[in-house]
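# Results of the structural survey
Chain residues, written in single-letter form:
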Amino acid sequence: MLCILAVTALVLLVVLPALMQAQAQQPARRRAALSSLNAYLDNVIYPAEMSQAKGLNRQQFSAWLNQAPLQLGVKRDLRKQLQPVLATSRFAAVLLKVVKIKTGGKADYVLIGIVPALRAQFDASA
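Figured I'd write up the structure that's included with this text. None of these values were measured; they are calculated from a predicted model.

## A short note on the overall build of the chain
Looking only at helices and strands, the chain has five helices and four strands in total. Starting at the N terminus and walking to the C terminus, you meet the elements of the chain as β-α-α-β-α-α-β-β-α. Each of the 126 residues in the chain was classed as buried or not, and the buried ones make up 40%. Considering only contacts in the chain between residues 6 or more positions apart, those separated by 24 or more positions represent 65%. For the chain, the computed accessible surface area is about 7,200 Å², with 55% contributed by carbon and sulfur atoms.

Listed below in structure tokens is the structure:
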């Protein structure tokens, strides 16, 4: 299973950059960011470990999406929907690899930070 979330919550706009940093840099900040992310997704997944979290830049996200087990039409639709986000200079995403879902099973979760100018377009509560 695969889940891609367009994240507009303010806490995640802080969390995503912290998780994007190299593993060796500021490990305490990365742990705190992952803890915040786990709290945010608490009702959906069991806590992810640091080894499951990976920051993705635009190119890495595109490569990951190419490899994702999705039908070609679904990938094309995702790319079209995410085009405004992929075109921004401040693209940031986090991949949580093979996390346990509370309703059963496992999935890859990708969280994509949304810049303020695009929030209204991706905010489901608006």
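## Here we look at the pairing of strand β3 (residues 93-100)
In terms of strand pairing, strand β2 (residues 53-56) meets β3 through four bridges, oriented antiparallel. Bridging across to β3, leucine 56 finds its partner in alanine 93. Hairpin connection of β3 to strand β4 (residues 106-113): five residues between the antiparallel strands, including glycine 104 at a positive phi of 115°.

## Some details on the pairing of β4
Counting buried residues in β4 gives seven out of eight residues, a clear majority hidden from the surface. As judged from the six bridges shared by β3 and β4, these two strands associate in the antiparallel manner. Counterpart to valine 99 in the pairing with β4 is alanine 107.

## Some remarks on the side chain of lysine 75
For lysine 75, the position within the fold is in helix α4 (residues 72-86). As a buried residue without a salt bridge, lysine 75 has its nearest oppositely charged side chain in aspartate 108, at a separation of 11 Å. Once you skip the residues sitting within four places of it in the chain, lysine 75 turns out to touch Leu65, Asn66, Gln67, Ala68 and Leu70.

## Topic: the pattern of salt bridges
Going through the model one piece at a time under the given rule, you end up with two salt bridges. Put simply, lysine 102 and aspartate 42 hold a salt bridge, and the shortest N to O gap is 3.5 Å. One end of the pair, lysine 102, is in the loop between β3 and β4; the other, aspartate 42, is in the loop between α2 (27-40) and β2, and 60 residues separate them in sequence. In this structure lysine 102 comes out as partly exposed when scored by relative accessible area, which is 35%. Assessed through its relative accessible area of 42%, aspartate 42 is described here as partly exposed. Across the pair lysine 97 and aspartate 108 runs a salt bridge, and its minimum N-O distance is 3.1 Å. You can see lysine 97 sitting in strand β3 and its partner aspartate 108 sitting in strand β4, a full 11 residues away along the chain.

About the criteria used
- Residues numbered from 1 in each chain as written.
- Predicted model: local features only at pLDDT ≥ 70, side-chain atom pairs only at ≥ 80, totals over all residues.
- Heavy atoms only, no water.
- Helix = DSSP H or I, 4+ residues; strand = E, 2+ residues; numbered from the N terminus.
- Buried < 20%, exposed > 50% of the residue type's maximum accessible area, 1.4 Å probe, protein only.
- Contact = heavy atoms within 4.5 Å.
- Areas by Shrake-Rupley, 256 points an atom, 1.4 Å probe, with all protein chains shown as cover.
- Pairing = 2+ DSSP bridges.
- Lys, Arg positive; Asp, Glu negative; His and termini not counted.
- Salt bridge = Lys/Arg side-chain N within 4 Å of Asp/Glu carboxyl O.

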